[in-house]
Amino acid sequence: MNKWLLIIASLSLFGSGVFVGGIIKSKKTSSVSRESKIGIRNSEQSYRLRDRAQGRVDLISEDRGVSLSKKCERVLADADFHKRKKAFGQMLEELTPENAPEYVEAVMASDLAGVDNSKEWEGVFQRWGKLDPKGALNFLEETDTSVWHSWAEGGARYHIFVGWAEQNAAEAMKFATEEGFVEKDQNIIAPIMSNWAQQDSSAATDFIFDQTDGKYRHHLGQITEIIARGQGTEALVAWQRDVKSRDPENQEYVNRVVSAHMRHLPVEQVVSWLTSEAVDDRGGVSINTASTAYRHVSSHYPSRGPEFLAELSQHKLSSQALNYLVHRELENSQSKLPEYLKERVDDSSLDTLRAIFESAKQSKR
């Protein structure tokens, strides 16, 4: 009897041990599984934090395995412009020449549904233009664009060249002119020229003067903007001298486009430039150039208008230009010149300006 009780007790303990062992094993397994899940969540959270720290938008785990068109659809459906811009900008980083047509299809589908996606459209083709401009242009040639909005194809082509020019403006210009794209759309010249001036202002200038018909001369103004902003006044004046030596017949135009960038300089420097670099064939300061410079100075800094005229009156070369500007100034009911002269009645250095002013007043009566 005791023997059987001992056997039963042993079996019971064994069974309990197995059962308990099973629970322990199960709990251990459950614990590992739970830790694993927590680890995954923490890992995803760290990725999100990292991406946010890098200024990136979290599209994120929901998009894993989701088609590109679905991602685009979800991003373009966001009514918040700033969120949509960031999210789509992140998507554009994943654009390749191979998947670019999918982006085009997704943006166009949203657009045809009545949503304005012009910025996203520009972004797609500009990015494609950076990566594979010829492939992007071939895509346009081979695609039936008759169902697109009237501006869509031209806008796409324009932004392909914008993207291309950002990478290599000289190459973009060569292709655009040789393959007839400029004849299709003159507007593509401006962004190419702007980028080319940033990359190599001398080469961009050479290109303009290499065109014997002079059809791109009006783009010289773009180059002055780039040089003035990126290289400074001294470089701009040096460029001006070079251009005037190449094109003596258009000195007036060159002077005027350069004068527009003198407005933030001290008045003394502007007038010094006028009397040294903007002298016309008759040996005097060009009236048109002086007028342009004065207009830019006085419109941005009204109180400096009289100072400009006072400084100009100290130079004999500028008498005709000064006379013209004073007469124009009297036509301005808000002119500060009368007050300026009244406050400096004892300043003999202003005698020339004062005499012209009084003469102009008499002639108006």
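It should be noted that the structure appears before, not after, this text.
Residues numbered from 1 in each chain as written. Predicted model: local features only at pLDDT ≥ 70, side-chain atom pairs only at ≥ 80, totals over all residues. Heavy atoms only, no water.

**What to know about the packing of aromatic side chains**
Let me state the cut-off plainly: Stacked, tilted and edge-to-face are the three classes applied to pairs of Phe, Tyr and Trp rings, where Trp contributes its six-membered ring and a pair requires centres within 6.5 Å; stacked means planes under 30 degrees apart, edge-to-face means over 60, and tilted covers the rest. For the purposes of this entry, the term helix denotes a DSSP run of H or I that reaches at least four residues, the term strand denotes a run of E that reaches at least two, and both are numbered from the N terminus. Under the scheme applied here, a residue whose accessible area is under 20% of the maximum for its type counts as buried, over 50% as exposed, and between as partly exposed, the area being computed with a 1.4 Å probe on protein chains only.
Evaluated as defined, the whole model comprises 11 aromatic pairs. The interplanar angle of 15° and the centroid separation of 5.8 Å between the aromatic rings of F161 and W164 together place this pair among those described as stacked. Linking F161 with W164, this pair stays in helix α7 (residues 152–178), spanning three residues, or about one helical turn. You can call W164 buried: its relative accessible area is 2%. On the basis of an interplanar angle of 45° and a centroid distance of 5.2 Å, the ring pair of W164 and F175 is categorised as tilted.

**Side note on the side chain of S110**
Condition: Throughout, a residue-residue contact means that at least one pair of heavy atoms, one from each residue, lies within 4.5 Å.
Topologically, S110 is positioned in helix α4 (residues 100–112). Beyond its immediate stretch of four places on either side in the chain, S110 contacts L76, V115 and N117.

**Here's the deal with the environment of R304**
Mapped onto the elements, R304 comes out in helix α15 (residues 304–312). Residue classification places R304 among the buried residues on the basis of a relative accessible area of 13%. Separated by 33 residues in the primary sequence, R304 and L337 place their C-alpha atoms 9.9 Å from one another.

**Topic: the packing of helix α13 (residues 267–277) against α15**
Basically, it comes down to this: To define axes, lines are fitted to C-alpha atoms, for helices over the stretch in contact only, and angles between the resulting N-to-C directions are given on a 0 to 180 degree scale. Note that the term roughly parallel is reserved for angles under 35 degrees, roughly antiparallel for angles over 145, roughly perpendicular for angles of 65 to 115, and oblique for everything else. Helix crossings are classified by the rotation of the near helix relative to the far one: an anticlockwise turn of less than a right angle makes the crossing left-handed, while a clockwise turn makes it right-handed. In the scheme used here, Gly and all other residues not listed as nonpolar or charged are polar, with Ala, Val, Leu, Ile, Met, Phe, Trp, Tyr, Cys and Pro taken as nonpolar and Asp, Glu, Lys and Arg as charged.
Where α13 meets α15, the axes come as close as 9 Å, and the angle between the chain directions of the two elements is 45°. Between α13 and α15, the crossing angle belongs to the class labelled oblique. α15 is crossed by α13, and the crossing has right-handed handedness. Along the contact surface, α13 presents V267, E268, V270, V271 and L274, while α15 presents R304, E307, F308, E311 and L312. Of the residues in the contact of α13 with α15, the class split is six nonpolar, no polar and four charged.

**Remarks on the nonpolar core**
Here is the rule we go by: We define the nonpolar core as a collection of buried residues of types Ala, Val, Leu, Ile, Met, Phe, Trp, Tyr and Cys that are connected through side-chain atoms lying within 4.5 Å of one another.
Core analysis: the largest hydrophobic core is formed by 89 residues, its most contacted members being F125, F161 and F308. When residues in this core are grouped by element, the largest group, 11 residues, is from α7. Setting aside anything within four residues of it in sequence, one finds F308 in contact with V267, V270, V271, L274, A290, A293, Y294, V297 and L325.

**Some thoughts on the pattern of salt bridges**
Rules: Within this document, salt bridges are pairs made up of a side-chain nitrogen of Lys or Arg and a carboxyl oxygen of Asp or Glu, the two lying within 4 Å of each other.
All told, the structure shown has 16 salt bridges when counted by the stated rule. Note that R84 is salt-bridged to E120, the shortest N-O span being 3.0 Å. Of this pair, R84 sits in helix α3 (residues 81–92) while E120 sits in helix α5 (residues 118–131); the two residues are 36 residues apart in sequence, bridging distant segments of the chain. The class for R84 is buried, based on a relative accessible area of 13%. For R229, the salt bridge is made with E225, and the minimal N-O distance between the two is 3.3 Å. With R229 and E225 both in helix α10 (residues 220–230), this residue pair falls four residues apart, about one helical turn. Take E225: its relative accessible area is 30%, and that puts it in the partly exposed class.

**Here's the deal with helix α12 (residues 251–259)**
Listing the buried residues of α12 in full gives V254, N255, V257, V258 and S259. The inward-facing, buried residues of α12 contact α10, α11 (233–246), α13 and α14 (287–300).

**Quick word on the environment of K86**
In this structure, K86 sits in helix α3. Sequence separation of K86 and V75 is 11 residues, and the distance between their C-alpha atoms is 9.5 Å.

**A word on the packing of α10 against α12**
Running from N to C, α10 and α12 cross one another at 35°; their axes reach a closest spacing of 9 Å. With respect to the hand of their crossing, α10 and α12 are arranged in right-handed fashion. Contacts between α10 and α12 involve L220, G221 and T224 on the former and, on the latter, Y253, V257 and V258. A breakdown of the residues in the contact of α10 with α12 according to their chemical character gives four nonpolar, two polar and no charged.

**Thoughts on the side chain of T289**
Structurally, T289 is set in helix α14. Residue classification places T289 among the buried positions, given a relative accessible area of 0%. Contact partners of T289, with chain neighbours within four places excluded, come to E252, N255, R256, S259, W273, L274 and A278.

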